[in-house]
Each structure stands twice: as C-alpha cells, then as structure tokens.
Amino acid sequence: MQNLHVRSALLSLVILTLFLGIWEFANQPPEAKEALTEYEMLMGGSEPQARVPNPSEIGKLAIEELSQPFYDKGPNDKGIGLQLLYSLKRVLSGYLLAALVAIPVGFLIGMSPLMHKALDPFIQVLKPISPLAWMPLALFILKDSEISSVFVIFICSIWPMLINTAFGVSSVKKDYINVARTHELGSLRTAFLVILPAAAPTILTGMRISIGIAWLVIVAAEMLVGGTGIGYYVWNEWNNLDLTAVVFSILMIGVVGMVLDLLLARATKLVQYVE
Amino acid sequence: MSQYFLNAQGLTKSFPASDGGEPLTVFDNINFGVNEGEFVCIIGHSGCGKSTILNILAGLDQATDGVVLMENKEVSGPSLDRGVVFQNYSLLPWISTLKNITFAVKSRHPSWTKQQVLDHSMKYIEMVGLKGAEQRKPSQLSGGMRQRVSIARAFAIEPKLLLLDEPFGALDALTRGMIQEELIKIWSQSTQTVFMITHDVDEAILLSDRILLMTNGPYAQIAESVVIDIPRPRNRTDIIHHPHYYTIRNHIVEFLVKRSKELANPETRTVEAPSVSGLRYPPEVNPATGSVQENMYPLTGKEDAA
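To keep things clear, this report deals only with the structure shown in the data block. (Residues numbered from 1 in each chain as written. Chains lettered and ligands numbered in written order. Predicted model: local features only at pLDDT ≥ 70, side-chain atom pairs only at ≥ 80, totals over all residues. Heavy atoms only, no water.)

**Some remarks on the overall build of chain B**
Phase 1 of the analysis: Summing up its helical and strand segments, chain B has 9 helices and 12 strands in all.
Phase 2 of the analysis: Here chain B holds 306 residues, and 54% of them are scored as buried.
Phase 3 of the analysis: A fraction of 68% describes how many contacts in chain B between residues 6 or more apart in sequence connect residues 24 or more apart.
Phase 4 of the analysis: For chain B, the exposed area adds up to about 13,300 Å²; of that, 52% sits on carbon and sulfur atoms. (Helix = DSSP H or I, 4+ residues; strand = E, 2+ residues; numbered from the N terminus. Buried < 20%, exposed > 50% of the residue type's maximum accessible area, 1.4 Å probe, protein only. Contact = heavy atoms within 4.5 Å. Areas by Shrake-Rupley, 256 points an atom, 1.4 Å probe, with all protein chains shown as cover.)

Structure follows, in structure tokens:
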C-alpha cells in the first residue's frame with residue numbers, strides 16, 4: 001500500500017496548509033486608521049490588543065531558536081535545546097528509578113497472589129493521586145526543588161509500569177510455566193528465561209504509558225518549581241508576554257513527547273512475539 | 001514393591017463444588033502400571049480425567065488421594081525424568097527452534113559445554129527431520145513441525161518416562177499419520193517408556209503395546225487394559241491387514257460407544273476387578289495386579305473374516 005502512504009501524507013500536508021493559512025490570514029493586525037502618535041511610534045506600531053502570534057512569526061522564531069539551541073545567557077535566557085535537556089534529564093532519572101522499583105515489585109505482585117492482595121489497597125489509593133499533589137510534601141521532606149521534581153516524575157510513572165508488570169507476569173500462559181516446571185528450571189532461570197520474555201510486551205506497554213505521563217507531568221512540575229526546564233521556559237515566556245515563544249515551546253514539547261513515544265514503541269516491537 | 005516401572009495406586013481426583021455441595025469426583029481409585037520400555041495409550045471420552053491423570057504422572061497436578069510411584073519412588077513434583085509433550089506444543093515462541101531444544105538439554109546436562117549441548121540438540125532436530133529450520137521461530141513453523149520440535153525436545157532430554165497429552169490432536173489427518181510413523185521410528189530406536197493420551201483408536205492400536213480404556217466420568221475408572229499383540233515393526237498401511245486389527249478395533253470402539261457409559265453407572269460400577277464379561281479378545285490384564293486373564297473366547301478364523 002505504497003499508494004496509501006503517499007495519499008495520507010498528501011492529505012496531512014493539505015490539512016496543515018489549510019490550518020496554517022486560515023490562521024495566518026484571519027489573524028492579521030487591524031489596519032492603522034490614523035497616524036501613529038509619538039508614543040506608538042516609540043513602541044514600534046499600533047496594536048491596541050495583543051494577538052496570538054501568526055505561524056510566520058512562530059516559524060521565524062523557530063528558525064532563530066533552533067539555529068542555536070544550546071546557548072546560555074543567564075537564568076532567564078537559555079536555548080530551547082538546553083531547556084529540553086534539563087527536562088529530559090529529570091524525566092529520565094525519575095522514570096528509570098520508577099522502573100527499577102516497579103518492575104521487581106510488579107514481578108512479586110504478579111507471582112504471588114498473597115502480595116497482590118496485600119499490596120492492592122495501597123496501589124488503588126496511591127494511583128489516582130495527582131502527582132503534583134505530592135509536590136509540597138516532597139519539597140518539605142527532600143528540601144530540594146530538583147530532587148522533588150524527579151520524585152514527582154518517579155511517583156507518576158511508577159503506576160502504569162507496576163500494574164502492567166504485575167498483569168503481564170500473572171497472565172503468563174500456564175503452558176510456559178509448565179514447560180519451566182517440567183524442565184526443572186530454578187526460580188531465577190524461570191524468571192529470566194520464561195516469565196520475563198513472556199510478559200515483556202505487556203511490561204513495555206506499561207513503560208510506554210509511563211513515559212507519556214512523565215512527559216506530561218514534567219511541564220507542570222517545572223512551572224511550579226521553576227529554575228530550568230521546558231515547563232519553566234513556557235511559564236517564563238508567558239511572564240515575558242512572549243506568546244510566540246510560548247507557542248513555539250508548546251510545539252517542541254509535542255515533538256519531544258512524540259520521539260519518546262516512538263522510541264518506546266520501537267522497543268516494544270523488539271520484544272513482541274507471535275504465538 | 002511392585003514389578004512395574006510406573007505404578008499408579010488408588011488415584012482419585014475431586015474438585016470442591018463451588019456452591020459448597022458435594023465435591024465433583026472426576027475419577028476414583030485409578031490403579032494401573034506401566035512396564036519399562038512399554039508404550040501405553042489411554043483412551044476415554046472427554047471429561048473422564050485423562051489429562052489430569054497425565055498431569056499427576058508428570059507431577060504438575062496433585063491427586064486428591066493415591067500415589068504415583070516411578071521406580072518405586074513417589075512422584076512429588078515435575079522432573080526431567082518425566083518429559084511431557086503437550087497438545088498445544090508449548091514451545092517458547094520468543095526463541096528459535098534450536099534454542100527451544102538447547103535450553104532443555106542445558107537443564108538436563110548443566111555441566112555440558114556449549115558445543116556438546118548444540119550437537120546433542122541438532123541430533124534430535126535432524127531426527128525429526130527439521131534440519132534447516134532450526135533458526136526459525138515456532139510461529140514460522142506449521143503445526144506439524146511445531147509438534148515435531150516438541151517431540152524432539154522431549155526425546156532430547158532422554159527422560160525415563162515420556163508423557164504425551166494428545167500430541168496429534170490439533171493436526172490434520174495427513175500430517176498426523178506422518179508424525180505417528182516418525183514417532184514409532186524414534187521410539188523403536190530408544191528404550192523409552194511412553195504413556196500417551198489419545199482420542200484416536202487407530203492411532204492407539206498403531207502405537208501401543210497396551211491400551212487402557214476409561215469409563216466416563218464422574219467416578220471414571222480404568223475398566224480394561226487391552227494388550228495389542230500385533231507384531232512390530234508396524235506401519236499404517238500393513239497393520240490394518242493383520243487378522244487381529246479389526247477385532248481389537250471393534251472391541252475398543254464398542255467399549256467407547258456402549259460400555260464406557262454402562263460401566264460409569266454407579267450401580268454397575270466395579271473398582272477392583274474390571275468387568276470381563278463380554279470381552280472376547282484380547283487377553284485381559286488386571287491393571288491393578290498385572291495378572292493376565294485368559295481370553296474368554298479365543299479368536300477363531302471365522303472372526304478373522306468378519
């Protein structure tokens with residue numbers, strides 16, 4: 001279906017052009033009706049109302065920003081790439097810590113009905129808590145905004161991984177377990193040779209959901225704690241009333257989120273098996 | 001002490017009823033023995049607990065009552081001494097055919113070198129005619145090929161007892177016939193003791209030294225033990241011309257159609273000595289004691305013609 005690919009790409013392009021075109025032309029500044037006053041001249045034109053920036057302005061900014069993404073001119077002026085890297089660092093450390101906890105604990109819950117029943121109430125209560133609700137407590141206990149934001153990422157990405165690992169492990173087909181048992185595999189060999197590969201697609205799906213949530217949450221967390229990161233950047237530009245930069249950074253958040261998801265999707269494909 | 005290699009004594013399996021009523025007893029007081037090197041099939045209708053018996057022999061399931069002795073030692077859990085071939089092949093789908101066998105061989109011989117494991121595994125892959133397909137994943141093999149891999153894996157660990165749970169049940173008739181012959185070939189080169197579940201009377205006669213017939217559940221029993229005295233080597237085309245073939249076949253079919261039901265009736269049920277009335281051929285072996293009972297009606301030429 002090469003044809004389908006080409007046709008869908010064309011259609012996407014048409015939709016994008018239409019959308020940007022309408023945005024651009026419906027969003028022109030009103031014509032100046034009278035001569036500019038001295039003050040308006042000083043301010044560089046007459047715009048009685050702030051407008052959402054046009055695609056062309058955003059594009060211009062994007063080229064400018066992306067041509068030097070890693071510059072650093074003090075706390076309020078850092079390149080977009082640098083800000084994204086700060087956020088990615090927090091997301092990845094919180095996320096990896098969560099994986100280190102969630103996968104073994106998920107294994108335990110999946111293997112042992114006793115642990116499942118015992119831990120289930122905690123999970124059910126903790127899971128629906130908005131990760132940002134932990135922020136004050138984290139700040140108080142950890143006394144460090146950086147570590148607190150990592151903790152918030154940790155706590156929000158742990159649940160999908162934990163639940164999916166437990167589910168994946170507990171629903172490994174009995175046949176595979178019987179193969180392990182009839183071949184007298186020890187518990188470690190059973191875990192790594194049979195249960196882990198059998199549950200891997202489900203575990204990876206949980207990890208994919210988690211990275212998505214972590215990326216959603218980091219923006220909000222950084223808006224709260226400030227300092228660095230893409231969330232802080234958005235909020236900072238809003239305070240600067242630079243809406244062009246706000247829209248641009250929104251786009252960048254989307255692009256990075258998509259890349260993270262693609263990477264996990266690729267990893268999921270690697271461990272997928274056909275029965 | 002029994003003279004049997006494998007001895008099932010008084011096996012009972014019952015499941016507690018979900019509503020707290022009387023527990024469901026699938027089979028009750030099952031006794032039989034299997035000699036070393038013997039190929040024994042068990043036939044019975046669905047629901048009589050054949051698979052449960054096999055799982056108990058394998059050590060994967062536990063009997064409510066009774067014991068299984070192998071070489072006079074109680075079976076208390078799964079072991080590499082008892083290889084199992086499952087109906088759905090049970091290959092690990094995420095590794096190649098070869099690795100499906102090497103992991104089993106490695107478990108059997110932890111001290112072997114990589115090369116030893118590989119050579120041994122390849123020997124069995126060749127034996128089932130899958131050389132060239134060893135790098136494929138199970139999903140890239142046909143049903144027949146997968147079952148061959150499963151059989152190769154079971155033989156490769158050289159268990160003392162091989163348990164086959166309807167191994168050909170999911171295969172089409174042509175493939176089934178081919179693999180049956182391969183199984184006989186492999187089996188005859190080994191001294192493997194085999195216990196196999198089947199639904200197919202012809203398959204059972206072709207393969208077995210002895211066929212155990214089970215009555216319907218609940219309270220299923222092993223009612224008869226039919227010795228197949230057709231000489232080996234057997235093959236599918238010649239075996240049907242043997243004078244005993246249809247006598248045996250008719251006897252078993254009649255059992256399955258008629259008597260498996262009658263004997264399941266609690267009124268007519270017997271435990272210790274299976275009913276011999278109506279049995280014309282072949283000799284009856286009391287599964288509990290191993291004593292052979294004389295034919296009541298020896299075979300005559302007249303019946304051959306029939």
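**Digging into the interface of chain A and chain B**
Phase 1 of the analysis: Across the contact, 17 residues belong to chain A and 22 residues belong to chain B.
Phase 2 of the analysis: Note on chain A versus chain B: buried area summed over both sides is about 1,700 Å², and carbon and sulfur give 65% of it.
Phase 3 of the analysis: For chain A, the biggest contributors to the area lost against chain B are R181, T182 and H183 of chain A; these three give 33% of the whole.
Phase 4 of the analysis: Our enumeration of links across chain A and chain B arrives at 6 residue pairs in polar contact (both at pLDDT 80 or more).
Phase 5 of the analysis: Those elements that provide at least two residues to the side of chain A that touches chain B are α8 (174-182) and α9 (187-225) of chain A.
Phase 6 of the analysis: No other element matches α8 of chain A, which puts 6 residues into the side of chain A that touches chain B.
Phase 7 of the analysis: For the side of chain A that touches chain B, the residue count by class is 9 nonpolar, 3 polar and 5 charged. (Buried area = accessible area lost by both parts, 1.4 Å probe. Polar contact = N/O pair within 3.5 Å; in protein donor to acceptor, adjacent residues only side chain to side chain. Nonpolar A, V, L, I, M, F, W, Y, C, P; charged D, E, K, R; others polar.)

**Quick look at unusual backbone geometry**
Residues and elements named next belong to chain B.
Phase 1 of the analysis: A cis amide bond links R232 to the next residue, P233, at an omega of 0°.
Phase 2 of the analysis: As for its placement among the helices and strands, P233 is situated in the loop between β10 (222-227) and α7 (236-239).
Phase 3 of the analysis: Of note in this structure, E71 is not a glycine but carries a positive phi near 50°.
Phase 4 of the analysis: Relative to the elements of secondary structure, E71 occurs in the loop between β4 (65-70) and β5 (73-74).
Phase 5 of the analysis: Classification of E71 as partly exposed rests on a relative accessible area of 32%.
Phase 6 of the analysis: Although it is not a glycine, E166 sits at a positive phi angle of roughly 40°.
Phase 7 of the analysis: Relative to the helices and strands, E166 resides in the loop between β7 (161-165) and α5 (173-189).
Phase 8 of the analysis: Residue class for E166 comes out buried when judged on its relative accessible area of 15%.

**Section: the packing of helix α4 (residues 80-111) of chain A against helix α5 (residues 113-126) of chain A**
Residues and elements named next belong to chain A.
Phase 1 of the analysis: Interhelical geometry of α4 versus α5 gives an angle of 125° and a closest axis separation of 6 Å. Classified by the interaxial angle, the pair formed by α4 and α5 is oblique. Listed contacts from α5 to V105, L108, I109 and M111 of α4 are P113, M115, H116, L119 and I123.
Phase 2 of the analysis: Tallied by class, the residues present in the contact of α4 with α5 amount to 8 nonpolar, 1 polar and no charged. (Axes fitted to C-alpha atoms, helices over the stretch in contact; angles between N-to-C directions. Parallel < 35°, antiparallel > 145°, perpendicular 65-115°, else oblique.)

**Quick word on the packing of helix α3 (residues 55-67) of chain A against helix α11 (residues 243-271) of chain A**
Residue and element names in this part refer to chain A.
Phase 1 of the analysis: Interaxial distance between α3 and α11 falls to 9 Å at its minimum, and their mutual angle equals 70°. Taken together, the axis directions place α3 and α11 in an arrangement best described as roughly perpendicular. Once α3 is placed against α11, the crossing between them reads as right-handed. Facing E57, I58, L61, A62, E65 and L66 of α3, the residues of α11 in contact are T244, A245, V247, F248 and M252. (Left-handed = near helix turned anticlockwise from the far one by under 90°.)

**Regarding the nonpolar core**
Phase 1 of the analysis: Counting residues in each nonpolar core, the largest one holds 64 residues, and the members touching the most others are M207, W215 and I230 of chain A together with L92 and W94 of chain B.
Phase 2 of the analysis: Looking at this core, the elements with two or more residues in it are α3, α4, α7 (145-170), α8, α9, α10 (230-239) and α11 of chain A.
Phase 3 of the analysis: A total of 16 residues in this core trace back to one element, the largest contributor, which is α9 of chain A.
Phase 4 of the analysis: When residues no more than four places from it in sequence are discounted, the contact partners of L92 of chain B are Y176, V179, L193 and V194 of chain A together with N100, F103 and P138 of chain B.
Phase 5 of the analysis: Counting 53 residues, the second largest nonpolar core, distinct from the first, contains M122, A152, A204 and L213 of chain B. (Core = buried A, V, L, I, M, F, W, Y, C linked by side-chain atoms within 4.5 Å.)

**Remarks on helix α8 (residues 245-262) of chain B**
Side chains that are three or four residues apart share a direction in an α-helix, a result of its 3.6 residues per turn.
Residues and elements named next belong to chain B.
Phase 1 of the analysis: Across its 18 residues, α8 extends 25 Å between first and last C-alpha, which sits within 8% of the 26 Å expected from 1.5 Å per residue.
Phase 2 of the analysis: Along α8, the largest kink reaches about 50° and is centred on L256.
Phase 3 of the analysis: Within α8, the full set of buried residues consists of Y245, T247, I248, H251, I252, F255, L256, R259 and S260. (Expected span 1.5 Å × (residues − 1). Bend = angle between axes of the 7 residues up to and from the residue.)

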